[in-house]
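Structure assessment
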2 protein chains.
Amino acid sequence: MDMNVKEPNIVVVGATGAVGREFLRILEERDFPAGEIRLLASSRSAGTRFKVRGEDLEVREASPNEFSGADIAFISVNSQLSAQLGPAAVEAGALVIDDSSCFRMDPDVPLVVPEVNGEDVKWHRGIISIPNCSTTPLVMVAHPLNRESAITRMVVSTYQSVSGAGAGAMEELRNQSRAVLEGQTVEPGNLPKQIAFNIFPHIDDFTANGYTFEEQKMLQETRKIMHIPHIPVSSTCVRVPVFGAHSAAVHLEFQGPISPERATELLSGMPGVKVVGGPGESSYPTPWEVAGTDDVYVGRIRRDISSDHGLAMWIVCDNLRKGAALNAIQIAEEVLRLNCLAPSQVAAPSRSV
Amino acid sequence: MDMNVKEPNIVVVGATGAVGREFLRILEERDFPAGEIRLLASSRSAGTRFKVRGEDLEVREASPNEFSGADIAFISVNSQLSAQLGPAAVEAGALVIDDSSCFRMDPDVPLVVPEVNGEDVKWHRGIISIPNCSTTPLVMVAHPLNRESAITRMVVSTYQSVSGAGAGAMEELRNQSRAVLEGQTVEPGNLPKQIAFNIFPHIDDFTANGYTFEEQKMLQETRKIMHIPHIPVSSTCVRVPVFGAHSAAVHLEFQGPISPERATELLSGMPGVKVVGGPGESSYPTPWEVAGTDDVYVGRIRRDISSDHGLAMWIVCDNLRKGAALNAIQIAEEVLRLNCLAPSQVAAPSRSV
C-alpha cells in the first residue's frame, strides 16, 4: 500500500463474538491495511485481551462515544444494538459495515456481496450492510447463472450450523451432545429446541404468513443484492447439529435452458466459488470439510427433473467467514479500492424490491 | 379373533437388524395375531435369543429352506438377499412382505402404504413391497391433498437419520460423536463421510443423471403408490446426525388453489397423520420428539410464496416404524382383513409409471 495514504482506523464492535473473533483472524490473514484497531464488546466482555498483528489489545465496553477518529466501524451485534451504535459511528465520521438485519432493507443502505454487486458500495450514506449468512452463498451461486439465463424462481432448504446462532449455541451443542451420549436428558438453552442429535425448522421468529424472519430475509435480501425485484424465493431454514458452515439444497428455475455442464463452467469462473465434482460425479462438499475456509462450495449440480429449465444443486459455505466476517472485510477492501469511504452525494438507486 | 381361523405362522428375516427389532416390538404392541414365529438372520447373528410374547426364541441362519409352513414372511435384508429368499418363501407358500428395493418396481408386485393404496394388496402374486422410508411419509401427506386438487410437482429436501442405514450406522454416529468431542479425528466406517457434527447429500449410490438411487426411488415409488404416472418429483436426500426419524422440507404444487387452512383440515382427517401447530403457529415436530412413535407428523404448513398453487410444509416420521416395520405389519393386517393371503388370480393393473 502507498505509504502516503493514511491507513484507516477501524473499530470492531462485537469483537468477542463468534463473527468478531473470525473477523480479527481474517484481518490478519489478509493483511488488511488497518491503522489503529479498537475492539468493543458488551460490558460483560470488556477487559478481555486479544493479540492482533502482534499488538496486545484490550476490549472496551461498546458505547456511542467510542467511535471518535474511526474511519471504518465493523459492527456484529444484535439489531437493537446496531440501531443504537451504527448512527453514532456514522455521526463520528466512520463508514459502518454492519452484520445485523437492522439496516439491510433500508433503501439508503447498500446490501453488498462484493463479487455480486460490489458497485453498490459507491452510493452508501455511511452504512453498508452485509447479508444474512444463508443469503450470501445463494446469491454467489445464483448470480453467474442468472447472467446466462434469468432466474424465475428459487426453492431452498437449508441445513444451518449452530455457529450462526453465536458462540453460546456452539457450546450448547457440545454440552448437550455430551449429556445425550451419557444418557442424560437435556433442556434447550439459547436455541428453541434440543439441538444435540436433533434438527428443527425454526431460525429467528415466525411471521404471520408462516415463514420465519430467516426465510423472509432470504427472499428480500436476494432481491436487493441481485437487483431482481419480485423474484419468488421460498425457503425452509433448518438448524442442524453441525458446529460451523451452512449447507443448502437449492432448486433454481430459469427463463431458458441451461445445462448442468454449462452451469459448472459458469460457476467455475465465478470468483469465490469452487465447484466440487463434475456432473454425475459422486464428490460433493460437506460442512465439516468446508468450515474454516473462504469459498462458497457447490456440488451435485444436476438437472431439476421436475422443471422445464431447472437446476438442482448443493451449496456449502462457512457462515462465519464468507457468510459474515470475510464478506465484511471484502466490502471494506472494495470501498478502499474504489476510494469511496466518504458518504456518497449521488441519489440511491430506487428499486422496487 | 375368531378362534376357528388359524393364526398365520410368520417368519421374520433380518430379525436382529434395526428394522427387525422394531418389527418384533410392534408385533407385540399391536397384538398381531401370529401363530408360530420363526426368526432368521445372517449366520453372524444366528444363535441370538429374543423374548417375543413371553416366548424365548432363537434366531436361526436365514436360508431358502427355512420357510416351510410359513404363512407370512417379513423380509428386511438387503436387495441381493431378498432376491434370493423372497421367491423361496413364495415357493414355500408364504406371502412375502419385503422391505428392500428388490421387488418394488416390479409390475407384478404391489407397493403399499395401507392408508394410501391399501386395496393394492388384493392383486399380489405372493410378494408385496413396502416403500423406502423417505417415500412413505411423503405419500401419506400428499395423498389426502391430491384428492382435493391434483398435485403437479413435488420438490423435497430430506434430513434423514442414521437409523435408515442400520444399527451399525447408529453406533458409528455415537462413537464418532464421542471421538470428536474428545478432540480426536475420525474416519468414516459404514457411512460414506464423517457423520458426527456433519451432513452429506449422499444416500445410496449415484446414478448417471446426478441423482442418487435414494432420490430416484422417491420419484418412482411415489408415482406407483399414488397411481400418478409421470408426476415430477425432484429431491435431495441428505444424511444428518440424528439417531432416529427422518424429516423433510416439502414443496407441493397443485392444479388448483388449496389454502394452508384447508390442507390442515384434510391432513387432520387422514389416518396415521398428525398435524402439529396451526397455520402461522410456531410449534412443529422434530425427530428427537417423534422417534419411537407411529404417526407421520406434519407442521409449518404454509403457502409456497414462489408458486401459484403451492404449499410448503415440514414432515417428520420414525423411519423404522411407519417408514418400515409398522407399515409392513399394517400391510399384513390389511391382507388378513381382506382375506387375500393367497396369490391373486386377477391381472395386475397395467400402469405406466
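Residues numbered from 1 in each chain as written. Chains lettered and ligands numbered in written order. Predicted model: local features only at pLDDT ≥ 70, side-chain atom pairs only at ≥ 80, totals over all residues.

Helix and strand content of chain A: 9 helices and 14 strands. The C-alpha atoms of chain A give a radius of gyration of 20 Å, which matches the 20 Å a tight globule of 353 residues would have. For chain A, the spread of C-alpha atoms along the three principal axes comes to 60 × 55 × 40 Å. For chain A, the residues scored as buried account for 55% of the 353 residues in total. (Helix = DSSP H or I, 4+ residues; strand = E, 2+ residues; numbered from the N terminus. Rg over C-alpha atoms; globule rule 2.2 N^0.38 Å. Buried ≥ 20, exposed ≤ 12 C-beta atoms within 10 Å, placed from the backbone.)

The subject of this paragraph is the sheet that holds strand β5 (residues 60–61) of chain B. Residue and element names in this part refer to chain B. Strands sit in the order β5-β2-β1-β6-β7-β8 across an open sheet of 6 strands; the sheet is parallel. Unpaired on one side and paired on the other, β5 and β8 (127–129) mark the two borders of the sheet. Where strand β6 (residues 72–75) and strand β7 (residues 95–98) come together, 4 bridges link them in parallel fashion. The residue of β7 that forms the bridge with Phe-74 is Ile-97. The strands that helix α2 (residues 79–91) touches are β1 (10–13), β6, β7 and β8; relative to β7, the one it contacts most, it runs at about 155°. Contacting β6, β7 and β8, helix α9 (residues 321–337) crosses the sheet at an angle of about 150° to β7. (Pairing = 2+ DSSP bridges. Contact = placed C-beta atoms within 7 Å. Axes fitted to C-alpha atoms, helices over the stretch in contact; angles between N-to-C directions.)

A separate point is the relation of the copies chain A and chain B. Overlaying chain A with chain B gives an RMSD of 0.0 Å, the required rotation being 180° about an axis along which the chain moves by 0.0 Å. Here the transformation between the copies is reduced to the relation of a two-fold axis. A shared binding surface is used by both copies, with 100% of the interface residues of chain A retained as interface residues in chain B. (Least-squares fit on C-alpha atoms with pLDDT ≥ 70 in both.)

Right, let's get into the nonpolar core. Soluble globular proteins tend to pack their nonpolar side chains together in the buried interior. Of all hydrophobic cores here, the largest spans 220 residues; its most connected members are Ala-73, Val-298 and Ile-315 of chain A together with Ala-73, Val-298 and Ile-315 of chain B. In this view, Val-298 of chain A contacts Val-141, Leu-267, Val-273, Val-275, Met-313, Trp-314 and Ile-315 of chain A; residues no more than four positions away in its chain are not counted. (Core = buried A, V, L, I, M, F, W, Y, C linked by C-beta atoms within 7 Å.)

Residues and elements named next belong to chain B. A two-sided burial pattern is seen for strand β10 (residues 233–236), the buried positions comprising Val-233 and Ser-235 on one face and Ser-234 and Thr-236 on the other. With 4 bridges joining them, strand β9 (residues 151–159) and β10 adopt parallel strand pairing. Bridge pairing in β10 places Met-154 opposite Val-233.

Turning to the sheet that holds strand β13 (residues 296–303) of chain A, a few remarks are in order. Adjacent strands of a sheet pair through backbone hydrogen bonds, lying either parallel or antiparallel. Residues and elements named next belong to chain A. With respect to topology, 6 strands assemble into an open sheet ordered β10-β9-β11-β14-β13-β12, the strand pairing being mixed. Two strands bound the open sheet, and with one partner strand each, they are β10 (233–236) and β12 (273–276). Each adjacent strand pair in this sheet contributes to an overall mean axis angle of 25°, direction not counted. Relative to β13, β12 runs parallel, the two being bridged by 4 bridges. The residue of β13 that forms the bridge with Val-276 is Gly-299.

All names here are of chain B. Packing of helix α4 (residues 135–148) against helix α7 (residues 260–268) brings their axes to within 9 Å, and their N-to-C directions diverge by 120°. Our classification of the angle between α4 and α7 gives oblique. Judged by the twist between their axes, the crossing of α4 over α7 is right-handed. Across the interface between the two elements, Val-141, Pro-144, Leu-145 and Glu-148 of α4 pack against Arg-262, Ala-263, Leu-266 and Leu-267 of α7. Its residues placed into classes, the contact of α4 with α7 shows 6 nonpolar, no polar and 2 charged. (Parallel < 35°, antiparallel > 145°, perpendicular 65-115°, else oblique. Left-handed = near helix turned anticlockwise from the far one by under 90°. Nonpolar A, V, L, I, M, F, W, Y, C, P; charged D, E, K, R; others polar.)

Moving on to helix α2 (residues 79–91) of chain A. All names here are of chain A. Between its first and last C-alpha atoms α2 spans 18 Å; for 13 residues at 1.5 Å apiece the expected length is 18 Å, and the two agree. Buried within α2 we find Ser-82, Leu-85, Gly-86 and Ala-89. Looking at the packing, one finds that the buried side of α2 touches β1 (10–13), β6 (72–75), β7 (95–98) and β8 (127–129). Directly after α2, the chain includes Gly-93, whose backbone phi takes a positive value near 100°. (Expected span 1.5 Å × (residues − 1).)

With that settled, consider the interface of chain A and chain B. In this complex, chain A contributes 50 residues to the contact, which on the side of chain B involves 50 residues. If you list the elements that add at least two residues to the side of chain A that touches chain B, you get β9 (151–159), α5 (167–181), β10, β11 (246–254), α8 (287–290), β13 and β14 (310–317) of chain A. Residues of the side of chain A that touches chain B, tallied by class, amount to 27 nonpolar, 15 polar and 8 charged.

Right, let's talk about the domain arrangement of chain A for a bit. Residues and elements named next belong to chain A. We note that the domain assignment places domain 1 (10–131 + 324–337) and domain 2 (135–319) within chain A. Here domain 1 and domain 2 have C-alpha centroids that lie 25 Å from each other. Taken together, the contacts link 14 residues of domain 1 with 20 residues of domain 2. Mapped by element, the contributors of at least two residues to the side of domain 1 that touches domain 2 are α3 (114–117) and α9 (321–337). (Domains from an automatic or database assignment.)

The phi torsion of most residues other than glycine is negative, and most of the peptide bonds are trans. For His-227 of chain A, which is not glycine, the phi torsion reads 60° and is therefore positive. With respect to the helices, strands and loops of the structure, His-227 of chain A is situated in the loop between α6 (213–226) and β10.

Attention shifts here to α9 of chain B. All names here are of chain B. With 17 residues, α9 extends just 21 Å between its outermost C-alpha atoms, more than 12% less than the 24 Å of an ideal straight helix rising 1.5 Å per residue. Along α9, the sharpest kink reaches roughly 45°, centred on Asn-327. For α9, the tally of buried residues reaches 14 of 17 residues, placing the bulk of the element in the interior. (Bend = angle between axes of the 7 residues up to and from the residue.)

Another aspect to go through is the pairing of strand β2 (residues 37–41) of chain B. The side chains of a regular strand alternate, first on one face of the sheet and then on the other. Residues and elements named next belong to chain B. Most of β2 is tucked away, with 4 of its 5 residues classed as buried. In terms of strand pairing, β1 meets β2 through 4 bridges, oriented parallel. Bridge pairing in β2 places Val-11 opposite Arg-38. On the question of chirality, the crossover connecting β1 to the parallel β2 by way of helix α1 (residues 18–29) is right-handed. (Right-handed = clockwise from strand over helix to strand, strands pointing away.)

Bringing the environment of Ala-62 of chain B into the picture now. Residues and elements named next belong to chain B. With respect to the helices and strands, the residue Ala-62 is situated in the loop between β5 and β6. A tally of 26 C-beta atoms within 10 Å means that Ala-62 is categorised as buried. Remark: the alpha-carbon pair of Ala-62 and Pro-107, spanning 45 residues in sequence, is separated by 27 Å. Contact partners of Ala-62, with chain neighbours within four places excluded, come to Val-13, Leu-40, Ala-41, Ser-42 and Leu-85.

Residue and element names in this part refer to chain B. By secondary structure assignment, the location of Leu-191 is in the loop between α5 (167–181) and α6 (213–226). Leu-191 sits in the partly exposed class, given 19 other C-beta atoms within 10 Å. Sequence separation of Leu-191 and Ala-169 is 22 residues, and the distance between their C-alpha atoms is 6.7 Å. Other than its neighbours up to four places away in sequence, Leu-191 contacts Ala-165, Ala-169, Glu-172 and Arg-239.

Another point: the environment of Ser-163 of chain B. Residues and elements named next belong to chain B. By the element assignment, Ser-163 lies in the loop between β9 and α5. In this structure Ser-163 comes out as buried when scored by C-beta crowding, with 26 C-beta atoms within 10 Å. C-alpha separation for the pair Ser-163 and Leu-173, spaced 10 residues apart in sequence, amounts to 9.7 Å.

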